[in-house]
Amino acid sequence: MQIEQAYVKFDNREILIDLVKSILANENDVLDIDMETPNCFDLSLINDSKRKIGVSDLNGGWISILESSKFNDYTLLLTLSDKLGVTVVAVSYSDIIGGWGYAEFTGGTVSESFFSDEEDNEEIDFDGLYDSVNGKLADYGIDIPIYTFREIANTKKSGWVLLKK
């Protein structure tokens, strides 16, 4: 399973939604961002007519963003951090390679990033990887659960708004 989810430290969901819509309408490139966390989002995903983004309710000062592609759009997240002057935290978890990581954007720059994988190990501690992601979210005081896009879209998860490209 591949899960990537982002969290924006901002207190106005409507302003965030309007900015996400504006960025989506004008985004036409994937930035090469210098960070340890792998960027699996590519140009074909930007132009995908079926692209959707889930935006959660405000919870403890954070709003979550979840892409239908299963990959964080780091260009979008970096732009949100810059335009809003806020912190954005993006996490990733992959049981395919046995890896997890995160990136923190503050004021439009990468302020911190980390990635660790256990691909070469014969036994991968999946529970430990998942716990590492949740531990990092707890470090930031983020109390919005990790979801797959399918979970929020198919179940009409309460508190989430779906945006289309």
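Just so it is clear, the structure is predicted and the values come from calculations on it, not from any experiment. (Residues numbered from 1 in each chain as written. Predicted model: local features only at pLDDT ≥ 70, side-chain atom pairs only at ≥ 80, totals over all residues. Heavy atoms only, no water.)

When helices and strands are counted, the chain shows five helices and seven strands. Secondary structure of the chain in N-to-C order comes out as β-α-α-β-β-α-β-β-β-α-α-β. A total of 165 residues make up the chain; the buried ones form 45% of that total. At a minimum sequence separation of 6, the contacts of the chain that also span at least 24 residues come to 68%. Of the roughly 8300 Å² of accessible surface on the chain, 45% is carried by carbon and sulfur atoms. (Helix = DSSP H or I, 4+ residues; strand = E, 2+ residues; numbered from the N terminus. Buried < 20%, exposed > 50% of the residue type's maximum accessible area, 1.4 Å probe, protein only. Contact = heavy atoms within 4.5 Å. Areas by Shrake-Rupley, 256 points an atom, 1.4 Å probe, with all protein chains shown as cover.)

Below, the discussion takes up the packing of aromatic side chains. Enumeration over the complete set of coordinates arrives at six aromatic pairs. Seen in terms of ring centroids, W100 and F114 are 5.1 Å apart; in terms of plane orientation they differ by 55°. Their pairing is tilted. Remark: F114 occurs in strand 6 (residues 109-117) and W100 occurs in strand 5 (residues 99-106); sequence separation between them is 14 residues. Under the relative-accessibility criterion, W100 is labelled buried at 11%. Take F114: its relative accessible area is 29%, and that puts it in the partly exposed class. An aromatic cluster is present here, built from W100, Y102 and F114 joined pairwise through their rings. (Phe/Tyr/Trp six-rings, centres within 6.5 Å; stacked < 30°, edge-to-face > 60°.)

Two elements, strand 5 and strand 6, share eight bridges in a ladder whose sense is antiparallel. Paired with T106 across the two strands is T109, which belongs to strand 6. Between strand 5 and the antiparallel strand that follows it, strand 6, lie two residues; G107 among them carries a positive phi value of about 55°. (Pairing = 2+ DSSP bridges.)

The element helix 3 (residues 74-84) is largely enclosed, with a buried count of eight among its 11 residues. Looking at helix 3, one finds that the buried residues are Y74, T75, L76, L77, L78, L80, S81 and L84. With a side-chain oxygen lying 3.2 Å from the backbone nitrogen of T75, the N-terminal cap of helix 3 falls on D73. Just past helix 3, the residue G85 takes up positive phi, approximately 65°. (Polar contact = N/O pair within 3.5 Å; in protein donor to acceptor, adjacent residues only side chain to side chain.)

Examined against the element boundaries, E104 turns out to sit in strand 5. Among buried Asp, Glu, Lys and Arg side chains, E104 stands out as unpaired, with K136 the closest opposite charge at 7.0 Å. Apart from residues no more than four positions distant in its own chain, E104 is found in contact with T87, V88, T109, V110, S111, E112 and Y140. (Lys, Arg positive; Asp, Glu negative; His and termini not counted. Salt bridge = Lys/Arg side-chain N within 4 Å of Asp/Glu carboxyl O.)

Turning our attention to the pattern of salt bridges. Under the definition given, this model contains four salt bridges. With its nearest N and O atoms 3.1 Å apart, the salt bridge here joins D57 to R13. Note that D57 is positioned in the loop between strand 2 (52-55) and strand 3 (62-67) and R13 in helix 1 (residues 13-26), a separation of 44 residues in sequence. Of the residues examined, D57 reaches a relative accessible area of 39% and is grouped as partly exposed. Looking at R13, the relative accessible area reads 18%, which means it is buried.

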